[in-house]
Amino acid sequence: MHQGEVMVESMNPACSALAESYLLSLPVAARARHVSADYFCADAHNANLCAALVVAGRKRATCSLAYWYLEKGERMPEQGDLLVVTDWSGLPKALVELVSVTLCPFDEIDAAFAAEEGEGDGSLAWWHEAHKAFFEREMKAEGREFDEHATLVLERFRVVALP
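Just so it is clear, the structure is predicted and the values come from calculations on it, not from any experiment.

Some points on the overall build of the chain
The secondary structure content of the chain amounts to five helices and six strands. Counted from the first residue to the last, the chain has its helices and strands arranged as β-α-β-α-β-α-β-β-α-α-β. Against the globule reference of 15 Å for 163 residues, the chain gives a C-alpha radius of gyration of 16 Å, in line with a compact fold. Within the chain, buried positions represent 41% of all 163 residues. In the chain, once contacts between residues fewer than 6 apart in sequence are set aside, the share between residues at least 24 apart is 73%. In the chain, 14 positive and 26 negative side-chain charges are present, and the distance between their average locations comes to 4 Å.

Laid out in structure tokens, this is it:
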């Protein structure tokens, strides 16, 4: 990658405009970022809710199964990456920057991370129940069983721009 080169995944014009506006506000040397756009969760209600929680400043983290990166070849997120958080329909709601990316077994998630995810009542108990059900559905669709020792990719982020 050359200095100032931006790696942008395919996204709609509204998402591209939000990311480009932010990147152009940075010094050239700070523009070398991977930029993507996506929603959180796997249904309209929760995707829209999570986008609203990001905008409100309550949701400052997310997680996914390392399986997708280590076994299915998806690109592993990295600190400094930018994500245009969208609602279910693809409308940009916020631009976030990843401030940390770490690995952690599902059964070792703590209350602090659950609170940073900002969903439900913010408790570890709620987080555990909701995420276990979600990951069980994901793995079942892959013809596999979810293991509570499975490695998660934890992404912490901060909002850097709003549309």
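Next comes the rest of the account.
Here we look at the side chain of Arg31
Turning to its location among the elements, Arg31 is positioned in the loop between helix 1 (13-24) and strand 2 (34-38). Of the side chains with opposite charge, Glu20 lies nearest to the buried Arg31, which makes no salt bridge, at 9.3 Å. One polar contact links the side chain of Arg31 to the main-chain carbonyl oxygen of Leu26, over a distance of 3.0 Å.

Regarding the pattern of salt bridges
Within this structure, the stated rule accounts for twelve salt bridges. The partner of Arg33 in a salt bridge is Glu97, and the shortest N-O contact between them spans 3.0 Å. With a gap of 64 residues between them, Arg33 in the loop between helix 1 and strand 2 and Glu97 in strand 5 (residues 92-105) connect regions that are remote in the sequence. Using a relative accessible area of 13% as the deciding quantity, one classes Arg33 as buried. Between Lys132 and Glu136 there is a salt bridge; the shortest N-O distance is 4.0 Å.

Quick word on helix 2 (residues 44-56)
Here helix 2 is 13 residues long and its end C-alpha atoms lie 18 Å apart, about the 18 Å a rise of 1.5 Å per residue gives. Those residues of helix 2 hidden inside the fold are in contact with strand 4 (82-86), strand 5 and strand 6 (151-161). Structurally, the start of helix 2 carries an N-cap: the backbone nitrogen of His45 is 3.3 Å from a side-chain oxygen of Asp43. A positive phi of about 85° marks Gly57, the residue just after helix 2.

Overview of helix 1
Taking 1.5 Å per residue as the helical rise, helix 1 with its twelve residues ought to reach 16 Å, and the 16 Å between its terminal C-alpha atoms agrees with that figure. Where helix 1 is concerned, the buried positions are Cys15, Leu18, Ala19, Tyr22 and Leu23. Taken down its axis, helix 1 places every buried residue within 125° of arc, on the same side. The exposed residues of helix 1 that point more than 90 degrees off its buried face are Pro13 and Leu24. The secondary structure elements touched by the buried residues of helix 1 are strand 2, strand 4, strand 5 and strand 6. Backbone nitrogen of Ala14 and a side-chain oxygen of the N-cap are separated by 3.1 Å at the start of helix 1; the cap is Asn12.

Rules used throughout
- Residues numbered from 1 in each chain as written.
- Predicted model: local features only at pLDDT ≥ 70, side-chain atom pairs only at ≥ 80, totals over all residues.
- Heavy atoms only, no water.
- Helix = DSSP H or I, 4+ residues; strand = E, 2+ residues; numbered from the N terminus.
- Rg over C-alpha atoms; globule rule 2.2 N^0.38 Å.
- Buried < 20%, exposed > 50% of the residue type's maximum accessible area, 1.4 Å probe, protein only.
- Contact = heavy atoms within 4.5 Å.
- Lys, Arg positive; Asp, Glu negative; His and termini not counted.
- Charge placed at Lys NZ, Arg CZ, Asp CG, Glu CD.
- Salt bridge = Lys/Arg side-chain N within 4 Å of Asp/Glu carboxyl O.
- Polar contact = N/O pair within 3.5 Å; in protein donor to acceptor, adjacent residues only side chain to side chain.
- Expected span 1.5 Å × (residues − 1).
- Arc of directions from axis to C-beta.

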